Amino acid sequence: MSERFYITTAIDYVNQKPHLGTAYEKIGADCMARYKRLAGFDVRFLMGNDEHSTNVEREAIARGLDPLEYCRAMSEEFRAAWKALDISYDDFIHTTEERHVRSVRELFERIHRNGYIYKGKYEGFYCESCEEFIVEKDLVDGLCPRHKLAPKIIREENWFFALSRFQEPLLRHFGEHPDFVRPQIRRNEVMNVITGGLEDVSISRAGKTWGIPLPIDASHVIYVWFDALTNYISALGFGGGDPALFDRYWPADVHVIGKDITRFHCIIWPAMLMAGGVEPPRSVFAHGFISLGGEKMSKTRGNVVDPVRMAGAFGSDALRYLLLREVPFDRDGDISDEVFLGRYNADLANDVGNLLSRTVAMVSKYLGGSVDAGPPGDGGWFGGELASALESYRAHMDRMEFSRALGAYWAVIQRANRFIEERRPWDIAKDPARRGELEETFRELLAALRTTGVVLAPFMPGKMRELLGALGAERLTLADLPEAAVGASGLAPRSPLFPRIKPEDAGRIAG
Ligand SMILES: [Zn+2]
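Residues numbered from 1 in each chain as written. Predicted model: local features only at pLDDT ≥ 70, side-chain atom pairs only at ≥ 80, totals over all residues. Heavy atoms only, no water.

Novice: I tried to follow the overall build of the protein chain on my own but got confused; where do I start?
Specialist: Counting its secondary structure elements, the protein chain contains 18 helices and 17 strands. With the C-alpha coordinates of the protein chain rotated into their principal frame, the extents come out at 90 × 50 × 40 Å. Here the protein chain holds 511 residues, and 56% of them are scored as buried. In the protein chain, 78% of the contacts between residues at least 6 apart in sequence involve partners at least 24 apart. When the accessible surface of the protein chain is totalled, it reaches about 21,000 Å², and 49% of it is carbon and sulfur. (Helix = DSSP H or I, 4+ residues; strand = E, 2+ residues; numbered from the N terminus. Buried < 20%, exposed > 50% of the residue type's maximum accessible area, 1.4 Å probe, protein only. Contact = heavy atoms within 4.5 Å. Areas by Shrake-Rupley, 256 points an atom, 1.4 Å probe, with all protein chains shown as cover.)

Pasting the structure below:
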């Protein structure tokens, strides 16, 4: 049986539509899921919506809707966005679903039975936008540093999770799994928090009705983060449902999240699992944030980008490529119309698009659309450049270094375009005695193009399907690469894969 790979993204609050930052995370995770599928893995890719938030309840009430009704409507919006961006999740969970509620209760009860949940008094601050308890030293001028809003002061009897007892187990886990948190900079931050000492955390809210009631105290609901984190196992049928599914995919290979929620995913979540006697995930990858023309995207600045509109402007494939090429996944990065336009025309219209159109046009004109397969061992392939670029691509992809993987592979595409200029097939074609040389030239180019179609497919699934289709190589996967020198038949001139975008059509990002 093939090796399995379970990848998840953060689930999103549904009180606002998905924005470009949210989309960036899903696109990165989707790229990884597609890459692993192409490499032959048994992949499970989970996404979902976080619905038991006070923000969601408040937004629903403000619109005069029942919260559940509102969540259903928003779910349509999210799914439509993910469809427009060609996100290939295998399962999509809503935290109001019965299968989720059952798992949350089960995990809570196990942790309680194991003696890690107790009743205490919470007195402190709570930011309702973060849905997070905040300690005083983290306030800036008395405000939540993220939302610049005054936190609520809460005094209530609460149920607590004994997080403090997991300092040692967590440190041991980090020691035994050096790649548990990536990139390294996030790992260091999290390690500093753990070594600095952990305090118990409140895991219930009193007097609320929107949420999952505590199995041991119906006057409280389970704190939204405890509820939300459990989605990664509830979607696998933890505590009921389908034990085979859980056994097959848990522990997750990677939780893909934003760098602002590492405390929940790298400290509280593994501790919750340990407390419940469940194995922690294998790794957490914290991506960076996108800014726009040097400015942070935010509602108040009014520069929040709608990814669906942007996909309409550049095409969903191009948008996916441009984001993952321009913003290294483990870091913050900036985008702008100028940069996107330049890269689109240079990388996609020129490098990839021209290589395809020129090659098929010449094969059609000089060889009637067919190239014979080469003799065995005829693997010139730019002197092994293709094989080594592939190796480098794979190494970077396995570490979710998408931009570097693309950078490493791009040498092949550029080399192939130079190869056309050097060989001058239009001159070779004039001499019938050089037919063998002509065919060999196109075999090289076809090899580069076919490989390109597979390598770029996780980034641009639709366009690469088109490219491979034009070469009659739809079924090619990473496992087939590098291949022996292949031929092709029935090649015909085609319209550009990536039509050029004129500068006057810029201004597409901000709308
Ligand atoms: Zn806040």
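Picking up after the structure, the text goes on.
Novice: Please explain the pattern of salt bridges as it appears in this structure.
Specialist: Proximity of charged atoms lets side chains of opposite charge pair with each other. Evaluated as defined, the whole model comprises 42 salt bridges. In this structure, Arg343 engages Glu326 in a salt bridge whose closest nitrogen and oxygen atoms are separated by 2.3 Å. Residue Arg343 is located in helix 13 (residues 337-367), and its partner Glu326 is located in helix 12 (residues 316-326); the two are separated by 17 residues in the primary sequence. Put simply, Arg424 and Asp427 hold a salt bridge, and the shortest N to O gap is 2.8 Å. We classify Arg424 as partly exposed; its relative accessible area is 38%. The exposure class assigned to Asp427 is partly exposed, which follows from its relative accessible area of 27%. Shared partners join several salt bridges into a network, and the residues in it are Asp30, Arg34, Asp86 and Arg320. (Salt bridge = Lys/Arg side-chain N within 4 Å of Asp/Glu carboxyl O.)

Novice: Help me out: how do you make sense of the environment of Phe402 in this one?
Specialist: Within the secondary structure, Phe402 sits in helix 15 (residues 402-423). Residue classification places Phe402 among the buried residues on the basis of a relative accessible area of 1%. For Phe402 and Phe329, which are 73 residues apart along the polypeptide, the C-alpha to C-alpha distance reads 6.7 Å. Apart from the residues lying within four places of it in its own chain, the contact partners of Phe402 are Gly28, Cys31, Met32, Leu324, Phe329, Met397 and Phe459.

Novice: Which parts of the structure should I look at to understand helix 10 (residues 262-275)?
Specialist: In an α-helix there are 3.6 residues to a turn, and that puts residues three or four apart on one side. For helix 10, spanning 14 residues, the distance from its first C-alpha to its last is 19 Å, which sits close to the expected 20 Å at 1.5 Å a residue. At Ile268, helix 10 shows its strongest bend, of approximately 30°, with the proline Pro270 following within four residues. Counted residue by residue, helix 10 has 12 buried out of 14 residues, so it is predominantly covered. Where helix 10 terminates, the next one or two residues include Gly277, which has phi positive at roughly 75°. (Expected span 1.5 Å × (residues − 1). Bend = angle between axes of the 7 residues up to and from the residue.)

Novice: Help me understand unusual backbone geometry in this model?
Specialist: Leaving glycine aside, a negative phi is the common case for residues, and trans is the common case for peptide bonds. In this structure, the amide linkage connecting Arg182 to the following residue, Pro183, adopts the cis form with an omega of -5°. As for its position among the elements, Pro183 is in the loop between strand 8 (181-182) and helix 6 (184-195). Located in the positive-phi region is Asp86, a residue other than glycine, with phi close to 60°. Classification of Asp86 by relative accessible area gives partly exposed; the value is 26%. You will see that Lys148, though not glycine, has its phi angle at about 55°, which is positive. Since its relative accessible area comes to 59%, Lys148 is described here as exposed.

Novice: Got a minute to help me understand the packing of helix 12 against helix 13 in this structure?
Specialist: When two helices pack together, their arrangement is given by the angle between the helix axes and the distance between those axes. The geometry of helix 12 relative to helix 13 is characterised by a closest axis approach of 10 Å and an angle of 105° between their N-to-C directions. Between helix 12 and helix 13, the interaxial angle falls into the category roughly perpendicular. Counting all contacts with helix 12, which are made through Ala318, Leu319, Tyr321, Leu322, Leu323, Arg325 and Glu326, the residues of helix 13 involved are Val339, Phe340, Arg343, Tyr344, Asp347 and Leu348. Along the lines of polarity and charge, the residues of the contact of helix 12 with helix 13 split into 9 nonpolar, no polar and 4 charged. (Axes fitted to C-alpha atoms, helices over the stretch in contact; angles between N-to-C directions. Parallel < 35°, antiparallel > 145°, perpendicular 65-115°, else oblique. Nonpolar A, V, L, I, M, F, W, Y, C, P; charged D, E, K, R; others polar.)

Novice: Help me understand the packing of helix 5 (residues 167-176) against helix 6 in this model?
Specialist: Where helix 5 contacts helix 6, the two axes come as close as 10 Å, and the packing angle between them is 155°. Comparing the axis directions of helix 5 and helix 6 gives the class roughly antiparallel. Crossing geometry of helix 5 relative to helix 6 is assigned as left-handed. Here helix 5 contributes Gln167, Leu170, Leu171 and Phe174 to the contact with helix 6, which in turn contributes Arg187, Val190, Met191, Ile194 and Thr195. (Left-handed = near helix turned anticlockwise from the far one by under 90°.)

Novice: Would you mind showing me how to read helix 3 (residues 67-84) here?
Specialist: Its 18 residues place the ends of helix 3 26 Å apart at the C-alpha level, agreeing with the 26 Å of an ideal helix rising 1.5 Å per residue. Taken together, the buried residues of helix 3 touch strand 2 (12-13), helix 1 (20-38), strand 3 (42-50), helix 2 (54-62), strand 4 (91-94) and helix 11 (307-314). Two residues or fewer after helix 3 comes Asp86, characterised by a positive phi angle close to 60°.

Novice: Looking at this structure, how should I read the environment of Asp334?
Specialist: Take Asp334: it is sitting in strand 17 (residues 333-335). The class for Asp334 is partly exposed, based on a relative accessible area of 32%. As for Asp334 and Lys296, which are separated by 38 residues in sequence, their C-alpha atoms are 8.9 Å apart. Residues within four places of Asp334 in sequence aside, it is in contact with Ser291, Leu292, Gly293, Gly294, Glu295 and Glu326.

These values are about where atoms sit, not about what they do.
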